[in-house]
Amino acid sequence: MTLRDSLTSALDRRGPLLELLAEEGTDCLRLFHGIAEGRPGLAIDRYGDTVLAQVWRLPLEDAEREAVEAVHGPVVWRYRGVAQEPTAPSTCREGGLSFQFQAIHRGMDPWLFLDFRAGRRRIADLVGERQGCAVLNTFAYTATAGVVAAAAGAGRVLNVDHARKWTSIGRANARENDVDMTFLQVDYFAAVRQMAGLKVGRRGRKLPTVRRETFDLIVLDPPTRTKGPFGAVDIDGDYPSLFKPAWLALKPDGALLATHHSAKTSLEDWLSVCRRCAEKAGRAVEQVDVIEVDADFPSFDGAHPLKMAVFR
């Protein structure tokens, strides 16, 4: 099968999803997930009026580039790991909300993670179950999950992220959708461990003051691996260090929506780690609802690298 055939077949498979997204007021999705649809190292996404083609590892041949543009029209090409001039910011829509987007910028990823769409949809549902609830959005990045929660009727939304750049874009997203949210530019471990009443390793650094409190809904969406001033994120090697403080900052009848992005850990192993962590913390998990990724992110065996679940 040629690449053009693969691209066309991928569009055909997305027919039902495209109808659903149109009804939801969404104009951004993955058009081609190359690793599972015939061309590893290539992913094609639509964000509003922009089609973004991202290339990893092997370069595309001229005929392949021509095939992509023949099927999808004008394309912004992003070569991962190669410095490129930034493109102009624009906006895209998901669930009737508007989000800032920039195809190429100084960071690694676009400002809206499309595979987490099903998670954001569930956030809106969870807030709908308890209007006026208090929501904590950790590793908030550009605060898209926080915007969804606020727009769905949350009484309070607190977004936690250590990076000024991302909180700045998050504030822009809040203004774009006319929702009220607060932002805490603090490392996850320093902030959420204090909220949970746990000690924080300072490593010689001044500890920011964060008051102890609990939330009705907490979003825990950590990156795969990173280092911060108060702890290191390693979702494969030490997920409990992330899960425990979030779990203890949750109200007894609350919900924790957590994610795991690494293919190295299976869904079953991750859920088992979380259950054991909760039990050791003295608050056993009573219910787990797994969230399936939308159909624009297919996989060979149904075991998508992104795992999402709601813990109660």
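Residues numbered from 1 in each chain as written. Predicted model: local features only at pLDDT ≥ 70, side-chain atom pairs only at ≥ 80, totals over all residues. Heavy atoms only, no water.

> Looking at this structure, I do not really get the side chain of Lys307. What am I missing?
In this structure, Lys307 sits in strand β15 (residues 307–311). At 6.7 Å, Asp236 is the nearest oppositely charged side chain to Lys307, a buried residue that forms no salt bridge. From its side chain, Lys307 meets the backbone oxygen of Ser262 in a polar contact 2.6 Å long. (Helix = DSSP H or I, 4+ residues; strand = E, 2+ residues; numbered from the N terminus. Buried < 20%, exposed > 50% of the residue type's maximum accessible area, 1.4 Å probe, protein only. Lys, Arg positive; Asp, Glu negative; His and termini not counted. Salt bridge = Lys/Arg side-chain N within 4 Å of Asp/Glu carboxyl O. Polar contact = N/O pair within 3.5 Å; in protein donor to acceptor, adjacent residues only side chain to side chain.)

> Please explain the environment of Met308 as it appears in this structure.
Along the chain, Met308 turns up in strand β15. Relative accessible area serves as the criterion here: at 1%, Met308 is assigned to the buried category. Taking C-alpha positions, Met308 is 34 Å from Lys206, a pair spaced 102 residues apart along the chain. In this structure, Met308 is in contact with Asp115, Phe116, Ala118, Gly119, Ala258, Thr259, Trp270, Asp289, Val290, Ile291, Glu292 and Val293, ignoring residues within four places of it in sequence. (Contact = heavy atoms within 4.5 Å.)

> Just checking my understanding: could you explain the environment of Phe183 for this structure?
By secondary structure assignment, the location of Phe183 is in strand β9 (residues 182–184). Note on Phe183: relative accessible area 15%, which makes it buried.

> For this particular structure, what's the right way to read the packing of helix α8 (residues 188–195) against helix α9 (residues 240–248)?
To describe two helices that pack against each other, one gives the angle between their axes and the distance between the axes. Running from amino to carboxyl end, α8 crosses α9 at an angle of 40 degrees, the nearest separation of the two axes being 8 Å. Here α8 is positioned oblique relative to α9, judged by the angle of their axes. For α8 against α9, the interelement crossing comes out left-handed. Contacts from Tyr188, Phe189, Val192 and Arg193 of α8 reach α9 at Ser241, Leu242, Pro245 and Ala246. Class assignment for the residues of the contact of α8 with α9 results in six nonpolar, one polar and one charged. (Axes fitted to C-alpha atoms, helices over the stretch in contact; angles between N-to-C directions. Parallel < 35°, antiparallel > 145°, perpendicular 65-115°, else oblique. Left-handed = near helix turned anticlockwise from the far one by under 90°. Nonpolar A, V, L, I, M, F, W, Y, C, P; charged D, E, K, R; others polar.)

> Would you take a moment to explain helix α10 (residues 267–280) for this structure?
Compared with an ideal rise of 1.5 Å per residue, which puts 14 residues at 20 Å, α10 spans 20 Å between its outermost C-alpha atoms and is within 8% of the ideal. Of the residues one or two after α10, Gly282 is the one with positive phi, at around 90 degrees. (Expected span 1.5 Å × (residues − 1).)

From the geometry alone we can't say anything about function, so treat these as descriptive.
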